[in-house]
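Listed below, chain by chain, are the residues.
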Amino acid sequence: MCICVTNGLYAQNDSKELSSLRNEISVLQSAQNRLKSNITILTSNGKKAELKINALTSANKELVSKVDSLQEKCNELADNQKTDKSELTTIIGQTNDKVQATEDILSSRSLWGLGGIIALLIALASIVWIFLKKFKSGSSSIDDVRKAQSSLEVAQETIRKAQEKMQEETIQLDNKLIEILSKQPLADPITNESGEIDHSLTLKVADEIVKIEMNLSRMDESIKGYKQLARGVQRIKDNFKANDYEIVNMLGMPYQAGMKAAVTFTTDDSLEPGQQVISRIIKPQVNYKQIMIQAAQIEVSQAE
């Protein structure tokens, strides 16, 4: 009887242990399944990460290649800028030499022409003096008066022709200067070492253009070469506009107090009281992208 009870107790204990083991096995299997699932997920994520790493590596190589290419282009641009600056400096020097040579020729010829006019005026004054002397002495005759008048007319015609010849020579020289300036394309502004834009060459060209315009304003349109010169001036001014430069037209315009310009006043009896007119441009006002980069130097005529 005791043996049977004992066996039953052992059997009951074994059954509980077996059930407990089965539960543990079940828990372990569940844990194992979760681990397998996590491993699968991690493996998948690892592959995705590897793909991303490969893609990033490839992109990095492309970026490195592009950076190297950009660096080469930057170096090339720097070299080109140095070359352009050197060439532009040479062009500026050549242009200044040509402009100076032209001004020297013009000055020389102007002095000769002025000397001729002075000589003619002296001759004219002499004729008038002789005529007045004879007239006062009572020894003048109709023939003397006619001779004096004829001499005056000849002298006046000679002076007119001399002035016309001087104007033609001035126009010829200005046309040569326009031809020189037209062959020099308006270069892009250069930034100097201090970071400021250098407009010096453009401003020199603008000054020369205004000098030519002043010469034209004193001449008759019938003078030989006048229209050709006027077209050349307009062509260069149009080129200025195309490159964001503007030579402000001030000649003949009414003067307004407060204008940003260096002003010199002169008297002109032909003007009405209170009237003020810009009669001469020494240096023009020049704008770049609608901002003034050179103030004008002007002469203003006004009534006494």
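Heads up: the structure comes first, above all this text.
Residues numbered from 1 in each chain as written. Predicted model: local features only at pLDDT ≥ 70, side-chain atom pairs only at ≥ 80, totals over all residues. Heavy atoms only, no water.

Draft legend 1. Summary view of the overall build of the chain. Counting its secondary structure elements, the chain contains four helices and eight strands. In the chain, the succession of α and β elements from N to C terminus is α-α-β-β-α-α-β-β-β-β-β-β. Out of the 304 residues in the chain, the part that is buried amounts to 22%. For the chain, restricting intrachain contacts to residue pairs at least 6 apart in sequence, the fraction spanning at least 24 positions comes to 73%. By element, 55% of the accessible surface of the chain is carried by carbon and sulfur atoms, the whole surface being about 21600 Å². (Helix = DSSP H or I, 4+ residues; strand = E, 2+ residues; numbered from the N terminus. Buried < 20%, exposed > 50% of the residue type's maximum accessible area, 1.4 Å probe, protein only. Contact = heavy atoms within 4.5 Å. Areas by Shrake-Rupley, 256 points an atom, 1.4 Å probe, with all protein chains shown as cover.)

Draft legend 2. Highlighting the packing of aromatic side chains. Applying the stated criterion across every chain, the model contains three aromatic pairs. Between Tyr245 and Tyr288 the ring centres are 4.7 Å apart and the planes differ by 40 degrees, which places this aromatic pair in the tilted class. Of this pair, Tyr245 sits in strand β3 (residues 245–247) while Tyr288 sits in strand β6 (residues 286–288), placing them 43 residues apart in sequence. By relative accessible area, which is 2% here, Tyr245 ends up buried. Taken together, the ring pairs connect Phe240, Tyr245 and Tyr288 into an aromatic cluster. (Phe/Tyr/Trp six-rings, centres within 6.5 Å; stacked < 30°, edge-to-face > 60°.)

Draft legend 3. Spotlight on unusual backbone geometry. Its identity is not glycine, yet Asp244 carries a phi of approximately 70 degrees, on the positive side. In the Ramachandran plot, Gln290 falls in the positive-phi region, its phi being about 65 degrees despite a non-glycine side chain. Take Gln290: its relative accessible area is 78%, and that puts it in the exposed class.

Draft legend 4. Up close: the side chain of Glu168. Mapped onto the secondary structure, Glu168 falls in helix α2 (residues 142–183). Ignoring sequence-local partners within four residues, the contact set of Glu168 consists of Ile223 and Lys224.

Draft legend 5. The arrangement of the nonpolar core in detail. Core analysis: the largest hydrophobic core is formed by 30 residues, its most contacted members being Ile209 and Ile298. Of all the elements in the fold, those that place two or more residues in this core are α2, α3 (200–217), α4 (226–242), β3, β5 (276–283), β6 and β8 (296–302). The greatest single-element share of this core, amounting to eight residues, is contributed by α3. (Core = buried A, V, L, I, M, F, W, Y, C linked by side-chain atoms within 4.5 Å.)

Draft legend 6. Seen up close, α4. If you check α4, its first and last C-alpha atoms are 25 Å apart, about what 17 residues at 1.5 Å a residue would give, namely 24 Å. Those residues of α4 lying buried are Tyr226, Leu229, Gly232, Val233, Ile236, Lys237 and Phe240. Looking straight down α4, one finds its buried side chains confined to an arc of 135 degrees; they lie on one side. When the buried face of α4 is taken as reference, the exposed residues oriented beyond 90 degrees from it are Lys227, Arg231, Lys241 and Ala242. Directly beyond the C-terminal end of α4, a positive phi value near 70 degrees is found at Asp244. (Expected span 1.5 Å × (residues − 1). Arc of directions from axis to C-beta.)

Draft legend 7. Local environment of the sheet that holds β8. The mixed open sheet is built from three strands, whose spatial order is β4-β8-β5. The strands lining the two open edges of the sheet, one partner per strand, are β4 (261–267) and β5. Neighbour-to-neighbour, the strand axes of the sheet open up by a mean angle of 30 degrees, direction not taken into account. Both β4 and β8 contribute to a ladder of seven bridges, which runs parallel. If you follow Ala261 over to β8, its bridge partner there is Ala296. (Pairing = 2+ DSSP bridges. Axes fitted to C-alpha atoms, helices over the stretch in contact; angles between N-to-C directions.)

Draft legend 8. Geometry of the sheet that holds β6. As summarised here, the arrangement of the three strands in space is β3-β6-β7, forming an open sheet in which the pairing is antiparallel. Each end of this open sheet is capped by a strand with a single partner; those strands are β3 and β7 (291–294). Ignoring which end each strand starts from, the neighbouring axes of this sheet average 35 degrees apart. Across three bridges, β3 lies against β6 in antiparallel orientation. Within the sheet, the bridge partner assigned to Tyr245 lies in β6 and is Tyr288. Along the sheet, α3 contacts β3, β6 and β7; its crossing angle with β3, the most-contacted strand, is approximately 30 degrees.

Draft legend 9. How the structure looks around the packing of α3 against α4. Packing of α3 against α4 leaves a shortest axis separation of 11 Å and a crossing angle of 150 degrees. Relative to α4, α3 is oriented roughly antiparallel. Relative to α4, α3 is oriented so that their crossing is left-handed. Contacts between α3 and α4 involve Thr202, Val205, Ala206, Ile209, Ile212, Glu213 and Leu216 from the first element and Tyr226, Leu229, Ala230, Val233, Ile236, Lys237 and Phe240 from the second. Among the residues making up the contact of α3 with α4, the classes are represented as eleven nonpolar, one polar and two charged. (Parallel < 35°, antiparallel > 145°, perpendicular 65-115°, else oblique. Left-handed = near helix turned anticlockwise from the far one by under 90°. Nonpolar A, V, L, I, M, F, W, Y, C, P; charged D, E, K, R; others polar.)

Treat this as a map of the structure, not an account of what it does.
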